[in-house]
Amino acid sequence: MELRQLEYFVAVAEEQNFTRAAERVHISQSGVSAQIRQLERELGAELFDRSARTATLTVAGKAALEHARAALAAAGAARQAVGEVTDLIRGRLMVGMVIGCTLTPLFDALSVFHRAHPGVEISLLEDNSDRLVEGVRAGTVDLALVGTATATPDGLEALTIISERLVVAVPAGHPLAKQRRVTLRDVVAHPIVCMPPGTGLRTVFDRACAAQGLWPAIALQASAADAIAALAARGLGVAILSDSMAASHRDRITARTIDDIETPALLSLIWKSTYSPAVRELLVHSRRAFTKPAPG
């Protein structure tokens, strides 16, 4: 039994598909299949039911999965322990980033980290914030930049990068642009253009509406702030954004703070408290990158 066989087994179990698992571990599908067949022969039992389109675990496969994960984790911990003693950091880092994010300090941090620790393989995953938070909790994502409605998601550590009030953004001449004070009730009287569920900004908005018993009409959804601003500028709805998201589009939309939504939308780096040496080093570089004064 080899560690790579256990790695392929876990990959297929999590992806429920041999092709996706092969892409994940960077070998051919036939290679994955052959190694798992060899593992099954050694264990004396089939680990997957291959009769359907998805690869589902058999009873034997379910029994083996947690042990396989534990063996891989132990091997990784051993490598990290030796790396710390020899002042080398190796392994893999899965870094998550919320879809539509345009902040570049994270890329700066990854660049500096890569130059300092070329032995670490870095992967970047874009997804919505809810899935990234769950990925960090589950250990499939090491560090993530997410939008959130709470300063520190349960069970995780966090560094707040941005904390901003929600605004409504509308084209010039829109009734809301003429109001000096805008409330949530004023906003939901119009069709809404906003981010999809699972994003931090949308969570803040949805919770505020629920607290007041309001049911907004969501006309359009987009993951990128630029797309939301463009849709609002064309009169397809009023946009729900944070102040900085709206700021770069002030030539075509007017932003008004929603007075009675006091909970800010947050952009945060999140990680588990039991992090690896690689995560620890990336955090050092990330803190520097995000706190570096803007040129000017």
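You'll find the structure just up there.
Residues numbered from 1 in each chain as written. Predicted model: local features only at pLDDT ≥ 70, side-chain atom pairs only at ≥ 80, totals over all residues. Heavy atoms only, no water.

**A closer look at the pairing of strand E4 (residues 120-127)**
Phase 1: Sheet topology places strand E3 (residues 91-98) next to E4; 8 bridges connect them, and they run parallel. The partner of valine 98 across the bridge, within E4, is aspartate 127.
Phase 2: At this point the chain moves from E3, through helix H5 (residues 105-116), to the parallel E4, and the crossover so formed is right-handed. (Pairing = 2+ DSSP bridges. Helix = DSSP H or I, 4+ residues; strand = E, 2+ residues; numbered from the N terminus. Right-handed = clockwise from strand over helix to strand, strands pointing away.)

**Regarding the packing of helix H2 (residues 18-25) against helix H3 (residues 29-43)**
Phase 1: Taken N-terminus to C-terminus, the directions of H2 and H3 make an angle of 100°; their axes are 8 Å apart at the nearest point. Regarding the angle of H2 to H3, the classification is roughly perpendicular. From H2, Phe18, Thr19, Ala22 and Val25 reach across to H3, where they touch Gln29, Val32, Ser33 and Ile36.
Phase 2: In the contact of H2 with H3, the residues fall into 5 nonpolar, 3 polar and no charged. (Axes fitted to C-alpha atoms, helices over the stretch in contact; angles between N-to-C directions. Parallel < 35°, antiparallel > 145°, perpendicular 65-115°, else oblique. Contact = heavy atoms within 4.5 Å. Nonpolar A, V, L, I, M, F, W, Y, C, P; charged D, E, K, R; others polar.)

**Quick notes on the packing of helix H1 (residues 3-15) against H3**
Phase 1: For the pair H1 and H3, interaxial distance at closest approach is 9 Å and the crossing angle is 110°. Judged by the inter-axis angle, H1 sits roughly perpendicular to H3. On H3, the residues touching Arg4, Gln5, Leu6, Tyr8, Phe9 and Val12 of H1 are Val32, Gln35, Ile36, Gln38, Leu39 and Glu42.
Phase 2: Grouping the constituent residues of the contact of H1 with H3 by class yields 7 nonpolar, 3 polar and 2 charged.

**Here we look at helix H9 (residues 225-233)**
Phase 1: If you check which residues of H9 are buried, you get Ala225, Ile228, Ala229, Ala230 and Ala232.
Phase 2: Buried residues belonging to H9 abut strand E7 (166-170), strand E8 (192-194), strand E10 (238-242) and helix H10 (243-247).
Phase 3: The positive-phi residue at the C-terminal boundary of H9 is glycine 235, with phi of around 80°. (Buried < 20%, exposed > 50% of the residue type's maximum accessible area, 1.4 Å probe, protein only.)

**Some words on the side chain of serine 286**
Phase 1: For serine 286, the location among the structural elements is in helix H11 (residues 277-291).
Phase 2: Once you skip the residues sitting within four places of it in the chain, serine 286 turns out to touch Leu106, Ala109, Leu143 and Leu269.

**Quick look at the nonpolar core**
Phase 1: Formed by 37 residues in total, the largest nonpolar core has its most connected members in Leu166, Leu184, Phe205, Ile240 and Leu241.
Phase 2: Elements supplying a minimum of two residues to this core: E7, helix H7 (184-187), E8, helix H8 (200-211), H9 and E10.
Phase 3: For isoleucine 240, the contacting residues outside a window of four places in its chain are Leu166, Val167, Val187, Ile192, Val193, Cys194, Leu201, Phe205, Ile228 and Ile258.
Phase 4: By size, the runner-up hydrophobic cluster in this structure holds 22 residues, among which are Met97, Leu145, Trp271 and Phe290. (Core = buried A, V, L, I, M, F, W, Y, C linked by side-chain atoms within 4.5 Å.)

**Looking at the pairing of strand E12 (residues 265-271)**
Phase 1: The element E12 is largely enclosed, with a buried count of 7 among its 7 residues.
Phase 2: The pairing of strand E5 (residues 143-148) with E12 spans 6 bridges and is classified as antiparallel. The partner of leucine 143 across the bridge, within E12, is tryptophan 271.
Phase 3: In the sheet, strand E6 (residues 157-164) pairs with E12 via 7 bridges, with the strands oriented antiparallel. Across the sheet, alanine 158 pairs through a bridge with isoleucine 270, a residue of E12.

**Points about the side chain of serine 129**
Phase 1: Counting through the fold element by element, serine 129 comes out in helix H6 (residues 129-138).
Phase 2: Once you skip the residues sitting within four places of it in the chain, serine 129 turns out to touch Val98, Val146, Gly147, Gly198, Thr199 and Gly200.

**Brief notes about the packing of aromatic side chains**
Phase 1: Overall, the coordinates contain 2 aromatic pairs when judged by the stated rule.
Phase 2: Geometrically, the ring pair formed by phenylalanine 18 and phenylalanine 48 is edge-to-face, given 5.8 Å between the ring centres and 70° between the ring planes. Taken as a pair, phenylalanine 18 in helix H2 and phenylalanine 48 in strand E1 (residues 48-49) lie far apart in primary sequence, 30 residues in all. Phenylalanine 48 carries the same exposure label as phenylalanine 18, and that label is buried.
Phase 3: Taken together, Phe9, Phe18 and Phe48 form an aromatic cluster joined through their ring pairs. (Phe/Tyr/Trp six-rings, centres within 6.5 Å; stacked < 30°, edge-to-face > 60°.)

**What to know about unusual backbone geometry**
Phase 1: One non-glycine residue, glutamine 16, adopts positive backbone phi at about 55°.
Phase 2: Looking at the element boundaries, glutamine 16 is found in the loop between H1 and H2.
Phase 3: One non-glycine residue, histidine 26, adopts positive backbone phi at about 65°.
Phase 4: Tracing the chain through its elements places histidine 26 in the loop between H2 and H3.
Phase 5: A relative accessible area of 58% means that histidine 26 is categorised as exposed.

**Examining H6**
Phase 1: Among the residues making up H6, those that are buried are Ser129, Leu132, Val133, Gly135 and Val136. Along H6, the residues classed as buried sweep out an arc of 160° about the axis, all on the same side. Projecting away from the buried face of H6 at angles above 90 degrees are the exposed residues Arg131 and Ala138.
Phase 2: Its buried side turned inward, H6 meets E3, E4, E5, H8 and E12.
Phase 3: With a side-chain oxygen lying 3.1 Å from the backbone nitrogen of aspartate 130, the N-terminal cap of H6 falls on asparagine 128.
Phase 4: Just beyond H6, the residue with positive phi is glycine 139, at close to 90°. (Arc of directions from axis to C-beta. Polar contact = N/O pair within 3.5 Å; in protein donor to acceptor, adjacent residues only side chain to side chain.)

The values are spatial; any link to function lies outside them.
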